[in-house]
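Read off the chains here:
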Amino acid sequence: MSDEDLTRTLTDGGVPLSDDLSPGEKVGRYELLHRLGQGGAGIVWAARDPLVGDEVAVKLVPWLEPRAMRQYRRELATLLVLQIPGVVQIRDEGEHGTFVYVVTSRIHGEPFSSLAAVNRNPKSWMPSVLALLDILARVHLAGVTHADLKPSNILVDDQGRPTVLDFGLARGRAGLVHDGVVEGTPRYMAPEQRRGEPVTPRTDLYAVGAMLLEMITGTPVPFPPDLKDLDGRPLPRGLDSQIRRMLEPDPADRPASAVEVLWALDVDPVPDPVRWLGEGPWSVRQLEDLFDDVSESLQHLAEDGARLLFDAGQGDPARTVEVLRRWVRAGDVRWTEEGRIEVTRQELERLGARGSEAPEVRLAERLASGVPEAEVTAEALQLADAFEAASRPGRALNVLDAAALWVRGQPEEAVVLQRRVTLRLGRWEARAIDEASGMVAVSHVAPELRADLTVLLRGFRAALAGAAEEAQDIFANPSSRVSPAVHQWGYAMWAFAARQLPVDAHRAVIEAARADHKVERTFVDRLNANLAYRIGDYQEAAHSAERAAEGAPNATRSAEQWAIGAASWLEVGDFERARELALRSRQAARQSRNAVVEFEARWLLRMIDYRAEVELTPSLRFVAAAARIGARLQGMAAFVEAAIAWRSGHTLAGALAQRAATELATRQPGLALLCEALCRLHGRPARASAELGSAARALPPDLEVQVLALLHLDQPNATLQARGEALLDMLQDQPRDRRLDLLSLAECREAILTAGH
């Protein structure tokens with residue numbers, strides 16, 4: 001069959017060239033914008049997700065018979081659970097009329113062949129070729145064959161990094177003849193695929209060889225390809241022979257896998273680790289020096305990255321460098337200008353999920369091997385439980401999002417859906433709630449449950465936005481159809497919203513939760529700790545937080561509650577107990593790799609020692625570690641170190657106070673005011689004394705009096721003095737000698753009454 005005949009068969013007998021969709025219409029919840037392309041594999045539209053506002057790609061393929069549909073969903077789930085770098089992110093899937101649709105992230109880039117249009121020298125695009133082969137190696141190991149690789153299905157970004165699109169034909173190792181139609185793109189189609197025989201990874205390698213030949217010669221590839229066009233061309237080492245092998249007519253004569261081609265071509269430059277580590281073999285501790293991380297790190301990137309690198313390379317220099325090459329090609333890590341490895345916590349999580357011993361890999365293997373869906377679902381739920389218990393909610397969610405693809409319409413869908421909802425609620429983000437709303441809207445669960453979840457999610461959104469009364473109206477009569485976890489989250493959000501209501505309304509939420517037999521007692525303790533802290537009943541807050549920590553479901557929740565308990569005992573003045581709980585919080589947060597809670601615990605330890613008048617020196621390392629996480633935490637760290645520096649007479653006090661004032665200005669204005677007042681004492685830029693004094697009127701009395709005391713020390717003022725004396729009278733029942741945020745009340749009194757005399 002000629003290419004012209006094959007093309008006619010594909011377009012006439014495959015996806016129709018026209019359909020009744022038009023811009024503005026919806027597929028599922030997605031609003032179609034404009035068509036991106038059409039061919040034998042399906043129709044692709046640019047679309048908008050109205051819930052989260054993202055632009056996405058919606059691909060429609062002909063509806064498949066049930067068995068093929070299950071296989072199709074299994075393969076999508078396999079790709080999703082493995083999070084293979086370089087494979088477009090799958091976001092949703094469903095049915096629309098006579099079509100099945102798959103929603104992916106919208107990738108902006110140029111077709112793979114554009115690399116040759118920019119630079120005809122193959123050496124310039126070899127890194128992209130290696131990256132593509134690495135992606136295919138991972139996809140094939142997952143048991144998936146793409147079967148329609150072509151330049152338009154592989155987009156490269158401005159760094160030359162490829163992303164593979166359109167897995168609509170990836171139906172495992174079965175043949176690609178459906179209703180008598182051979183599926184694929186003729187120009188890059190292997191001989192066995194043209195004959196309608198089963199496809200394998202070697203089929204994809206044929207397509208890669210055809211693309212490379214076309215890019216080198218600058219002309220379309222005929223069938224069969226004319227390999228004489230390669231003769232005499234100056235090509236990178238091994239490229240000529242590998243293209244010839246990939247284009248062999250008999251699949252048995254082609255390379256067995258993309259890994260085999262990589263071995264022959266891999267010439268990626270890698271900064272020489274020997275300059276830091278010596279000749280090897282290398283230990284985990286030595287490998288930590290390769291990572292770009294700060295000392296006293298709160299994220300433990302070097303520690304965890306080195307462990308993953310050691311597990312993959314076993315300390316052998318050659319194997320370790322090969323692993324690093326793969327990580328860099330995939331975009332999982334980057335080299336800094338100094339030749340060290342830069343990586344994020346999220347990237348480390350993905351690397352951990354793809355390790356040879358990772359449970360996600362075993363789950364994907366079970367999927368690919370045809371294990372019954374109910375059995376795989378049970379395993380996925382157990383795996384999600386284990387990840388949640390280990391404080392790895394991101395990995396739990398990834399597994400369950402994948403499971404949602406193969407449980408569509410099955411009895412287990414309701415369980416999986418509600419677990420996905422609760423994990424997204426755990427992010428405390430409006431976008432995550434919107435994502436959950438979208439999942440519920442397209443689910444196949446019972447209409448009553450779908451309606452209940454939709455209403456609750458509206459309440460969660462209102463609570464997060466501070467609409468306390470709307471949230472209260474929704475949560476006051478919880479549904480009996482939702483799972484206990486979703487039910488409990490309703491109280492969590494209701495209590496969160498109630499912080500904007502009078503104390504009695506807040507207390508009523510706690511009492512309602514206490515009377516509800518579906519709500520765990522330790523969860524009620526958690527809610528009660530927050531209420532008690534709000535009203536200043538610090539001993540009750542501490543006791544409730546300790547009970548909640550002891551019964552928490554994982555290390556992250558324990559760490560959060562130990563921190564609340566430590567903060568409460570700090571306010572009481574029991575520094576020994578506060579220090580004990582802060583140390584527990586730090587250990588639990590470190591165990592769960594929760595950088596924010598670990599920061600809070602370490603911050604509390606510094607503040608406990610400061611208030612207990614332990615002799616300290618300021619730590620710039622703590623400020624630098626906090627800056628790696630976020631501006632607010634950097635400001636908080638700078639504040640406590642500024643206080644320590646001021647007490648010890650260190651020259652850093654003014655600079656640290658200025659940094660804290662800048663970072664906390666909109667996030668914690670009370671502490672920012674205190675820092676500005678400290679800046680004035682050190683000649684640092686700050687607002688005028690009168691302006692700061694006026695702004696301080698909005699602060700709680702114990703914080704306001706500290707600001708006034710510092711301002712009066714800097715520039716004595718009768719008005720400030722009178723206000724300060726009135727505040728001291730108001731606070732006369734409070735301990736006088738115990739330090740507050742910066743000063744004790746005794747020090748405030750001395751500054752206000754004696755300064756200027």
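Reference entry: report on the structure contained in this document. In this text, all values refer to a predicted model and were calculated from it rather than measured experimentally.

## Quick look at the environment of Arg602
If you trace the backbone, Arg602 turns up in helix α27 (residues 595–611). Taking the relative accessible area as the measure of exposure, Arg602 reaches 14% and is therefore buried. In sequence terms Arg602 and Ala637 are 35 residues apart; their C-alpha atoms lie 9.3 Å from each other. Not counting the four nearest positions on each side in its chain, Arg602 is found in contact with Glu296, Ser297, Leu298, Arg586 and Phe622. Within the structure, the side chain of Arg602 is placed 2.9 Å from the side chain of Glu296, a separation counted as a polar contact.

## A few points about the packing of aromatic side chains
Within the structure shown, the criterion is met by six aromatic pairs. Between Trp428 and Phe496, the aromatic rings sit 5.2 Å apart at their centres with planes inclined by 50 degrees, giving tilted as the arrangement. Of this pair, Trp428 sits in the loop between α17 (413–425) and α18 (430–441) while Phe496 sits in helix α21 (residues 484–498), and the two are 68 residues apart along the sequence. Phe496 gets classed as partly exposed once you look at its relative accessible area, which sits at 24%. Taken together, the ring pairs in this structure connect Trp428, Trp489 and Phe496 into an aromatic cluster. Geometry around Trp562 places Arg584 over its ring, the cationic atom sitting 4.7 Å from the centre. Geometry around Tyr610 places Arg739 over its ring, the cationic atom sitting 4.8 Å from the centre.

## Structural notes on the packing of helix α19 (residues 447–464) against helix α20 (residues 468–475)
Where α19 contacts α20, the two axes come as close as 8 Å, and the packing angle between them is 155 degrees. Taken together, α19 and α20 sit at an angle that is classed as roughly antiparallel. Judged by the sense of rotation from one axis to the other, the crossing of α19 with α20 is left-handed. Here Val455, Leu456, Arg458, Gly459, Phe460, Ala462 and Ala463 of α19 lie close against α20, whose contacting residues are Glu470, Ala471, Ile474 and Phe475. Classifying every residue of the contact of α19 with α20 gives eight nonpolar, one polar and two charged.

## Side note on the sheet that holds strand β9 (residues 162–164)
As summarised here, the arrangement of the three strands in space is β7-β8-β9, forming an open sheet in which the pairing is antiparallel. Across the chains shown, the open sheet's two edge strands, defined by having one partner strand only, are β7 (110–111) and β9. In the sheet, strand β8 (residues 154–156) pairs with β9 via three bridges, with the strands oriented antiparallel. Following the sheet pairing, Ile154 is matched in β9 by Val164.

What counts and how
- Residues numbered from 1 in each chain as written.
- Predicted model: local features only at pLDDT ≥ 70, side-chain atom pairs only at ≥ 80, totals over all residues.
- Heavy atoms only, no water.
- Helix = DSSP H or I, 4+ residues; strand = E, 2+ residues; numbered from the N terminus.
- Buried < 20%, exposed > 50% of the residue type's maximum accessible area, 1.4 Å probe, protein only.
- Contact = heavy atoms within 4.5 Å.
- Polar contact = N/O pair within 3.5 Å; in protein donor to acceptor, adjacent residues only side chain to side chain.
- Phe/Tyr/Trp six-rings, centres within 6.5 Å; stacked < 30°, edge-to-face > 60°.
- Lys NZ or Arg CZ within 6 Å of the ring centre and 35° of its normal.
- Axes fitted to C-alpha atoms, helices over the stretch in contact; angles between N-to-C directions.
- Parallel < 35°, antiparallel > 145°, perpendicular 65-115°, else oblique.
- Left-handed = near helix turned anticlockwise from the far one by under 90°.
- Nonpolar A, V, L, I, M, F, W, Y, C, P; charged D, E, K, R; others polar.
- Pairing = 2+ DSSP bridges.

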